[in-house]
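Summary of the model geometry
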Amino acid sequence: MVNLYFEPFIIPFIIGVVVLFSVMWTKFISWISALPQSDRRLMRSGIFSVATVGALWEAFRECLLHLKIGRVNGRLWYMHTSLAFGWFLLIAFGKLEAILYLDTPVVPIYVDVFFRKYFPFAHVGAFGFIMDALLLFVLSGLVAAVVKRFRPSVYGMKRTTDHTLGDKLALSALWCIFPLRLLAESFNSAIYDSGSFLTGSLGELWAFMLPSRSLPYVNEVLWWCYSVSLGLFFVSVPISRYLHIFAEIPLIFLRSFKVRASVRATTFTKLQRAACSRCGICIDPCQLSATGISVDTQSVYLLRDERSKGAALAKADSCLMCGRCQSVCPVGIELDVIRTSVRYDRRKDSSSFDYGYLDTVHVPLATSKTGFFSGCMGRLTPAVAASMRAIADRSGIDIWFVDETEGICCGRPQRMAGNLDAADRMRERNEELFVESGIDTLVTSCPICLRTFREDYHLDGIRLLHHSQFIAELMSQGLLTAERGGASFAYHDPCELGRGLGIYEEPRAVLGTIGRLEEVADNRDKALCCGGSLAHLGLDLAQRNMIVSGVCAKFEATGADFLVTSCPMCKKSLSRSAKMRVVDIAEAVAGII
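The structure presented is a predicted model; accordingly, all values stated were derived computationally and were not measured.

**Describing the overall build of the protein**
Tallying secondary structure elements over the protein gives 29 helices and 8 strands in all. The dimensions of the protein, computed from C-alpha atoms along their principal axes, are 95 × 50 × 45 Å. By residue count, 56% of the 593 residues in the protein fall in the buried class. Sequence-distant contacts in the protein: of pairs separated by 6 or more residues, those separated by 24 or more amount to 74%. Split by element, the accessible area of the protein, about 25,400 Å² in all, is 61% carbon and sulfur. Looking at the protein, you have 62 positive and 56 negative side-chain charges, and the mean spots of the two groups are 4 Å apart.

Right under this line is the structure:
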């Protein structure tokens, strides 16, 4: 059968398939074999479990139907789905058509790809209609992709991603594949008077316009061009953004098996980098992009550089790490972990750090089972701790202020900078101090500290709460009562508290109890960063103020009496530019009670 249907024009296609299969098989083997033993155990235990069923469904849902993109942008959803799912259906129905026509389950791959060339009269009825309809579906998505490339504003995007040479090569080939298929099949129809509503109608036009003797020559050239465009696309996939087509599927499965990215273990991180499609959805949410401070430091470009030449440290450092880009990523790539990993790779030497002071820090035994940890920024905003003391007194409970006299940073700033050894040393010493103190509940006003305690620390037996959660509990238990006043509050969701920890409801419940809550459009998982993030290591004060002023303007437009936040860093940052009074949620409550 192979010899019977072989023709020279399929050679470019076959070369492309062989190159793509060989390269991707090598990559798959390297990705899996380089996983740590613990991750491979998770993979082995999960592959024959219900997790595999979930992964299959997610792969179909996101790699073909792109439902996550649909939740962000409906027009982009149609473009991606028509190209991905449409092409998949063309392949599936083309294979089914070839099997039914030849009455054998074994059909060379090039026969169903070039089926109309081999069998121009086959299945001109239902199958012909279905294949023409699917081709039209894909072509509509292709038109949408061209519009997005040159007019992203049509899709509500301010800009789209810049392309590498590999991207341009693959994109050019992709843009040619389906128009060439349409032309080739329509010329076939012109010669053999076949085809359906699309290819047949276009074929009638060619037969009317061109001399009949020229049709076979043009037809042969078009099938060659179609084969070349397919082969060129396949060859360029591993060096382009379209590597995501093959990387996203194993990423989904490994994630379903509970494999997680680690700053130090970079194998899974590399797979996540490869799974980025550079769709551009993450660019506009970046506040650096919106203010014009930077044009190429967004996560999509960091991943691009890491995949090819390796990102410069300056680019890795130039990010607020607020999580706005990660919250809209349709692939669910852990962008902050990857950026921290890059920073760690670039500055592994921490021999210059002096850890001697850690052993000099001692805290007395707790005077209460509930400890309050102010953290670095909390100690720079003493009104928050004072408000918590007033709330505790009004509630009739005791709170022990852990770091009132001395303390150690939670280590998150060092971790975000990539100085993991320093962060670990701080973590280890803090763990000793917390466990030795005898507390069973640790409350902090700093979301950065809370997230670090929850994600990086080992504090078994100690309950970890944000102070907004703690205040909400006191109110729900009837220990803290406050009359509802006439003040209105515009609430700002801190990045680490909201997107980082998913704590949205408790602060709103508290503010709704003491006054009227006003919401801005960019709230919850879309909340704006205050600009004071410790993660960006290159912003000067003027640049930060550009971000802050834009954020404050949105809150001032609500007409609320107070701008309320639940993070000492956010409070200090927003206070620099806000024309309205900025308070922490503890201050708002203490002012009412």
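After presenting the structure, the write-up continues.
**Looking at the sheet that holds strand β3 (residues 441-444)**
Across a sheet, paired strands are connected by hydrogen bonds in the backbone, their directions being either parallel or antiparallel. In space, the 4 strands of this open sheet follow the order β2-β1-β3-β4, with parallel pairing throughout. Among the strands making up the open sheet, the edge pair consists of β2 (400-401) and β4 (463-466). The pairing of strand β1 (residues 370-373) with β2 spans 2 bridges and is classified as parallel. By the bridge assignment for β2, Phe372 is matched with Phe401. Strands in contact with helix α24 (residues 447-455) are β1, β3 and β4; relative to β4, the strand with the most contacts, it is inclined by about 155 degrees.

**Considerations on the nonpolar core**
Formed by 94 residues in total, the largest nonpolar core has its most connected members in Phe114, Tyr118, Phe178, Leu230 and Phe233. A per-element tally of this core places helix α10 (residues 165-192) first, with 11 residues. In contact with Phe114, not counting residues within four places along its chain, are Phe9, Ile10, Phe13, Trp223, Tyr226, Ser227 and Leu230. In this structure, Val363, Phe373, Ile448 and Val589 belong to the second largest nonpolar core, which totals 56 residues.

**Description of the side chain of His244**
Tracing the backbone shows His244 in helix α13 (residues 244-256). Overall, the relative accessible area of 13% leaves His244 in the buried class. Excluding anything up to four places from it in sequence, His244 contacts Ala274, Ala275, Cys276 and Ser277.

**Some points on the packing of helix α9 (residues 126-150) against α10**
Put simply, α9 and α10 touch, their axes get as near as 10 Å, and they point 145 degrees apart. The two elements α9 and α10 meet at a crossing, and its hand is left-handed. Contacts between α9 and α10 involve Met131, Asp132, Leu135, Val138, Leu139, Leu142, Ala145, Val146, Arg149 and Phe150 from the former and Leu171, Leu174, Trp175, Phe178, Pro179, Arg181, Leu182 and Glu185 from the latter. A per-class count over the contact of α9 with α10 returns 14 nonpolar, no polar and 4 charged.

**Digging into the environment of Glu431**
Tracing the backbone through its elements, the reader meets Glu431 in helix α23 (residues 420-437). Since its relative accessible area comes to 12%, Glu431 is described here as buried. Considering only alpha carbons, one finds Glu431 and Tyr457, 26 residues apart in sequence, at a separation of 7.1 Å.

**Observations concerning the pairing of strand β5 (residues 488-492)**
Across the 5 residues that make up β5, a large majority, 5, are buried. Along β5, one buried face is formed by Ser488, Ala490 and His492 and the opposite face, lined by Phe489 and Tyr491, is buried too. Examined bridge by bridge, β5 and strand β6 (residues 516-518) share 3 bridges and lie parallel to one another. Counterpart to Ser488 in the pairing with β6 is Arg516.

**Some details on the side chain of Ser573**
Note on placement: Ser573 falls in helix α28 (residues 568-575). The class of Ser573 is buried, set by a relative accessible area of 1%. A distance of 2.9 Å separates a polar side-chain atom of Ser573 from the backbone oxygen of Cys530. When neighbours within four sequence positions are excluded, Ser573 is seen to be in contact with Cys530, Gly531, Gly532 and Val548.

**Comments concerning the pairing of strand β8 (residues 581-584)**
Relative to β8, strand β7 (residues 562-565) is paired through 4 bridges, and the arrangement is parallel. Residue pairing in the sheet places Val564 in a bridge with Val583 of β8. Since β7 and β8 lie parallel, the crossover through α28 that links them has a hand, and here it is right-handed.

**Regarding unusual backbone geometry**
With a phi angle near 75 degrees, Lys258 is a residue other than glycine that sits in the positive phi range. You can see Lys258 is positioned in the loop between α13 and α14 (267-274). Even without being glycine, Arg278 reaches a positive phi, approximately 55 degrees. Following the sequence through the fold, Arg278 ends up in the loop between α14 and α15 (287-291). The exposure class of Arg278 is buried, given its relative accessible area of 4%.

**Remarks on the sheet that holds β5**
Pairing is parallel across the open sheet formed by 4 strands, whose spatial order is β6-β5-β7-β8. The outermost strands of the open sheet, each flanked by one partner alone, are β6 and β8. Strand-to-strand twist in this sheet, taken as the mean axis angle between neighbours without regard to direction, amounts to 35 degrees. Sheet contacts for helix α26 (residues 505-514): β5, β6 and β7; angle to β5, the most-contacted strand, approximately 170 degrees.

Thresholds, definitions, all that
Residues numbered from 1 in each chain as written. Predicted model: local features only at pLDDT ≥ 70, side-chain atom pairs only at ≥ 80, totals over all residues. Heavy atoms only, no water. Helix = DSSP H or I, 4+ residues; strand = E, 2+ residues; numbered from the N terminus. Buried < 20%, exposed > 50% of the residue type's maximum accessible area, 1.4 Å probe, protein only. Contact = heavy atoms within 4.5 Å. Areas by Shrake-Rupley, 256 points an atom, 1.4 Å probe, with all protein chains shown as cover. Lys, Arg positive; Asp, Glu negative; His and termini not counted. Charge placed at Lys NZ, Arg CZ, Asp CG, Glu CD. Pairing = 2+ DSSP bridges. Axes fitted to C-alpha atoms, helices over the stretch in contact; angles between N-to-C directions. Core = buried A, V, L, I, M, F, W, Y, C linked by side-chain atoms within 4.5 Å. Left-handed = near helix turned anticlockwise from the far one by under 90°. Nonpolar A, V, L, I, M, F, W, Y, C, P; charged D, E, K, R; others polar. Polar contact = N/O pair within 3.5 Å; in protein donor to acceptor, adjacent residues only side chain to side chain. Right-handed = clockwise from strand over helix to strand, strands pointing away.

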